[in-house]
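# Summary of the model geometry
Now for the letters of each chain:
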Amino acid sequence: MRLEFFQEKNYDTIFINSHSLSYFHFDKSGKVLKAETYTIDILNQGIFQRENLEKGIAALIKKHKLTVLGIVLNLPNILYQRITLPRSANPYEAIVNYLKVFFPLSLDKYTFFYKEDKYQLAATISNFNIVFIAKDIIDYLLRIIEKHNIIPLFIVPSFDLIYQYLITKPLIKFDQEYIIFFIESNMIIVFLIKNLRMEKVLLEEIDLEKVDLQ
């Protein structure tokens, strides 16, 4: 998602990582005015630590007196898929019908978000970038937000913000292909971008002591 409305005001964001929460206070130009990292296990051996997540978010809300908050998920269990469908007046229904047939996992366990690719528009077909996030994570986040009377600005995967940053600077060109690696703590994000289009995104948790990044 593009974050144009932030151009008019400062905003607070929490990045949820596997083993930490990172808090950032941005000004309207996107400059970081305040930052803090709160070390705490959110995912441990693939198991979602609900109590730890609420404990960490509650601590940051209290300390920084937050009332409006954006949440960025930087977790390994976020999936990405790109699909092409005939153009439809009801794209959501068309996507659901497609996923019921072709999505290899249980669709009931995931919340998905979709966005039409504006860089490859056609009269008869639509290309969609689809993000799948475990439903229990989204539902639990919403319960925490409601419990602490927080107004949610957005919940997005980290690679969406990185992609927007790359194309709006601009750091990548329309007529080239790129494979891009981002390493943040113990998370690696790999992009395959062709002609400003995300073709594939992989999010993996890595052990820097065991993985040779070369």
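Above this text you will find the structure in question.
For the structure given in this document, a descriptive report is provided here. It should be emphasised that the depicted structure is a prediction, and the values quoted were computed from it without experimental measurement. Once a new chain begins, its residue numbering starts again from 1 and follows that chain's sequence as written. Owing to the predicted nature of the model, reporting of local features is limited to residues with pLDDT of at least 70; listing and counting of side-chain atom pairs is limited to 80 or more, with chain, interface and lining totals taken over all residues. To get the side-chain values, all heavy atoms of the structure are used, and hydrogens and water are removed first.

We now examine the overall build of the chain. Strands are runs of DSSP state E lasting at least 2 residues, helices are runs of H or I lasting at least 4, and numbering of each runs from the N terminus. Each helix and strand in the chain was counted, giving four helices and 13 strands. Two things to know: the radius of gyration comes from C-alpha atoms, and the globule rule equals 2.2 Å times the number of residues to the power 0.38. Its C-alpha radius of gyration of 18 Å places the chain within 12% of the 17 Å reference for a compact globule of 214 residues. Summary of the burial criterion: residues with accessible area below 20% of their type's maximum are buried, those above 50% are exposed, and those between are partly exposed, where the area comes from a 1.4 Å probe applied to protein chains only. Among the 214 residues that make up the chain, the fraction classed as buried is 43%. The contact rule is simple, with two residues in contact once any of their heavy atoms fall within 4.5 Å. Contacts in the chain between residues far apart in sequence, at least 24 positions, make up 57% of those at least 6 positions apart. Element-wise, carbon and sulfur atoms account for 53% of the exposed surface of the chain, whose accessible area totals about 12300 Å². Only four residue types enter the tally: Lys and Arg on the positive side, Asp and Glu on the negative side; His and the chain ends are excluded. The location of each charge is read from NZ of Lys, CZ of Arg, CG of Asp or CD of Glu. Distance between charge centroids for the chain: 4 Å, based on 25 positive and 25 negative side chains. Only the protein chains shown count as cover for residues, with accessible areas throughout obtained via the Shrake-Rupley method and a probe of 1.4 Å.

A word on unusual backbone geometry. Even without a glycine there, the phi angle at Asn195 is positive, about 55°. Along the chain, Asn195 turns up in the loop between β12 (187–194) and β13 (197–205). Positive phi is not limited to glycine here, since Leu196 has a value of about 70°. Along the chain, Leu196 turns up in the loop between β12 and β13. Overall, the relative accessible area of 11% leaves Leu196 in the buried class.

Below, the discussion takes up the nonpolar core. Counting residues in each nonpolar core, the largest one holds 46 residues, and the members touching the most others are Ile16, Leu53, Leu73, Phe159 and Phe191. The element best represented in this core is helix α3 (residues 135–147), accounting for six residues. In contact with Phe159, not counting residues within four places along its chain, are Ile78, Tyr80, Val131, Ile189, Phe191, Met198, Val201 and Leu203. Core analysis: the second largest hydrophobic core is formed by twelve residues, Val96, Leu107, Tyr110 and Ile130 among them. Buried residues of nine kinds, namely Ala, Val, Leu, Ile, Met, Phe, Trp, Tyr and Cys, make up a nonpolar core once their side-chain atoms join them within 4.5 Å.

Let's shift gears to the environment of Leu192. Residue position: Leu192 is located in strand β12. Among the residues examined, Leu192 registers a relative accessible area of 30% and is labelled partly exposed. Here the alpha-carbon distance between Leu192 and Phe181, two residues eleven residues apart in the chain, equals 9.3 Å. Beyond its immediate sequence surroundings of up to four residues, Leu192 is in contact with Tyr178, Arg197, Met198, Glu199 and Lys200.

Counted at 1.5 Å a residue, the expected span for helix α1 (residues 50–64) with its 15 residues is 21 Å, and the 21 Å between its end C-alpha atoms agrees. Within α1 the residues assigned to the buried category are Leu53, Glu54, Gly56, Ile57, Leu60, Ile61 and His64. The buried residues of α1 occupy one face: seen down the axis, they fall within an arc of 165°. Opposite the packed face of α1, turned more than 90 degrees from it, sit the exposed residues Glu51, Lys55, Lys62 and Lys63. Lining the buried residues of α1 we find β1 (11–17), β2 (20–26), β3 (32–39), β5 (47–48) and α3. The positive-phi residue at the C-terminal boundary of α1 is Lys65, with phi of around 50°. In this scheme, a helix's expected span is set at 1.5 Å multiplied by one less than its residue total. Starting at the helix axis, one direction is taken to each C-beta atom, and the arc is that of these directions.

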